[in-house]
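Take a look at the letters that make up each chain.
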Amino acid sequence: SVVLRGALREHVDPDGIIHLRKDITNHGDTAHFEECPRSWVMIDFDGVPLDDIDLINDPEGTVKRATKKFLPDCYQNVSFVWQLSSSAGIGDDKGLLSVHIWFVLDRPMGEAELKTFHILKAPSVDWRPFLTVQVHYIAAPIFENGISDHLPNRIGLVTLTKDKASLPKLPPEAVASAYRTIG
């Protein structure tokens with residue numbers, strides 16, 4: 001199960017073979033996706049260091065601590081859905097958190113603005129999920145040979161005082177300049 005921020009272009013058959021490409025300059029009419037600003041964002045923490053991780057007894061508290069530590073004010077006190085990534089709590093990554101945190105935004109935002117904002121204001125966030133055709137994996141892990149998931153809960157809803165995150169608007173010239181620089 002996956003989610004993409006981009007939209008299928010009108011000529012693409014959704015039941016056919018879909019290629020993860022959006023560059024019309026290089027692919028012309030064979031480009032399958034186009035940017036589509038969305039009123040949601042998935043924040044991806046991929047192996048960020050966090051003290052006192054307790055994914056078995058307090059996954060929600062662990063995720064709340066991560067949002068307070070790594071996200072700017074515009075995300076504070078905003079409700080969100082959290083989902084531990086398939087690799088969370090597996091292996092020797094003690095003290096590292098891998099989680100997807102989904103927020104509703106107060107306005108549609110596109111790739112360049114999201115990427116620029118988070119690189120400048122939340123550098124612990126993986127910016128790749130803001131790309132038009134970056135796959136967001138959302139399926140729970142599959143354990144084989146009778147092994148069960150050691151984490152009793154991998155997803156939850158945190159209801160706080162605000163329903164939507166209000167990210168500040170960046171001037172277009174700042175987005176363009178920063179986007180070219182951080183490419």
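For every chain, the first residue of the written sequence is number 1, and numbering continues from 1 along that sequence. Residue-level local features of this predicted model are given only where pLDDT is at least 70; pairs of side-chain atoms are given and counted only at 80 or more, and the full residue set underlies all totals for whole chains, interfaces and linings. Calculated side-chain values reflect all of the structure's heavy atoms, with hydrogen atoms and water omitted.

**Q** I tried to follow the packing of aromatic side chains on my own but got confused; where do I start?
**A** The relative placement of two aromatic rings is captured by the distance of their centres and the angle of their planes. Any two rings among Phe, Tyr and Trp, with Trp reduced to its six-membered ring, count as a pair given centres within 6.5 Å; such a pair is stacked if its planes are under 30 degrees apart, edge-to-face if over 60, and tilted if neither. Counted according to the given criterion, the structure contains four aromatic pairs. Arranged with centres 5.5 Å apart and planes meeting at 50°, the rings of Phe45 and Phe70 form a pair that is tilted. Taken together, the residues Phe45 in strand E4 (residues 38–49) and Phe70 in helix H2 (residues 59–70) connect sequence positions 25 residues apart. With respect to burial, Phe45 and Phe70 carry one shared label: buried. Ring geometry for Phe80 versus Phe103: centroids 5.5 Å apart, planes at 50°, classification tilted. On the criterion of sequence distance, the pair formed by Phe80 in strand E5 (residues 80–84) and Phe103 in strand E6 (residues 96–109) is long-range, its members being 23 residues apart. Think of it in three bands: with a 1.4 Å probe and only protein chains considered, a residue is buried below 20% of the maximum accessible area for its type, exposed above 50%, and partly exposed in between. Given the relative accessible area of 3%, Phe80 is considered buried. Counting from the N terminus, the helices are DSSP H or I runs at least four residues long and the strands are E runs at least two residues long.

**Q** When you look at the pattern of salt bridges in this model, what are you seeing that I'm missing?
**A** Any two side chains of opposite charge can pair if their charged atoms end up close together. A pairing counts as a salt bridge when a side-chain nitrogen of Lys or Arg comes within 4 Å of a carboxyl oxygen of Asp or Glu. Evaluated as defined, the whole model comprises three salt bridges. Where Lys64 meets Glu60, a salt bridge forms, and the shortest distance between an N and an O atom there is 3.6 Å. Highlighted residues: Lys64 and Glu60, both in helix H2, separated by four residues, approximately one helical turn. The exposure class assigned to Glu60 is partly exposed, which follows from its relative accessible area of 30%. Glu113 is paired through a salt bridge with Arg107; the nearest N and O atoms lie 2.9 Å apart. With respect to class, Glu113 is no different from Arg107; both count as buried.

**Q** Got a minute to help me understand the environment of Ser98 in this structure?
**A** Topologically, Ser98 is positioned in strand E6. For Ser98, a relative accessible area of 9% corresponds to the buried category. Separated by 54 residues in sequence, Ser98 and Asp44 have C-alpha atoms that sit 7.5 Å apart. Only heavy atoms enter the contact rule, under which two residues are in contact if any of them lie within 4.5 Å. Those residues in contact with Ser98 that lie beyond four places of it in its chain are Phe45, Asp46, Gly47, Leu84, Ser85, Ser87 and Ala88. Polar contact is defined as a pair of N or O atoms within 3.5 Å, subject to the rule that within protein one atom must be able to donate a hydrogen and the other to accept it, and that residues adjacent in sequence are counted only when both atoms are side-chain atoms. A polar contact of 3.0 Å, which involves the side chain of Ser98, links it to the backbone nitrogen of Gly47.

**Q** Before we go on, may I ask you to explain the confidence of the model for the protein chain in this structure?
**A** Do not read the fine detail of predicted coordinates wherever pLDDT is low. pLDDT: the predictor's confidence for each residue, scored from 0 to 100. When pLDDT is averaged along the protein chain, the result is 84, and 86% of the positions lie at 70 or above. Element-level mean pLDDT values for the protein chain span from 56 in helix H1 (residues 24–27) up to 96 in E5.

**Q** Looking at this structure, how should I read empty space enclosed by the protein?
**A** Empty space among the atoms becomes apparent when a probe as large as a water molecule is rolled across them. Site definitions follow a grid-based scheme: protein atoms alone, a 1 Å grid, a 1.4 Å probe that fits but cannot get out for cavities, and for pockets an open set with protein on both sides within 12 Å along at least five of seven lines, plus lining residues having an atom within 4 Å of a point. Grid points are joined across faces, edges and corners, and a volume is the space filled by probe spheres set on the points. In total, this model carries two cavities of 30 Å³ or more according to the counting rule given. As a volume, the second largest cavity reaches approximately 30 Å³. Every residue lining the second largest cavity is listed: Arg5, Gly6, Glu35, Cys36, Gly110, Glu111, Phe130, Leu131 and Thr132. Each residue gets one label: Ala, Val, Leu, Ile, Met, Phe, Trp, Tyr, Cys and Pro are nonpolar, Asp, Glu, Lys and Arg are charged, and the others, such as Gly, are polar. Of the residues contributing to the lining of the second largest cavity, the split by class is three nonpolar, three polar and three charged.

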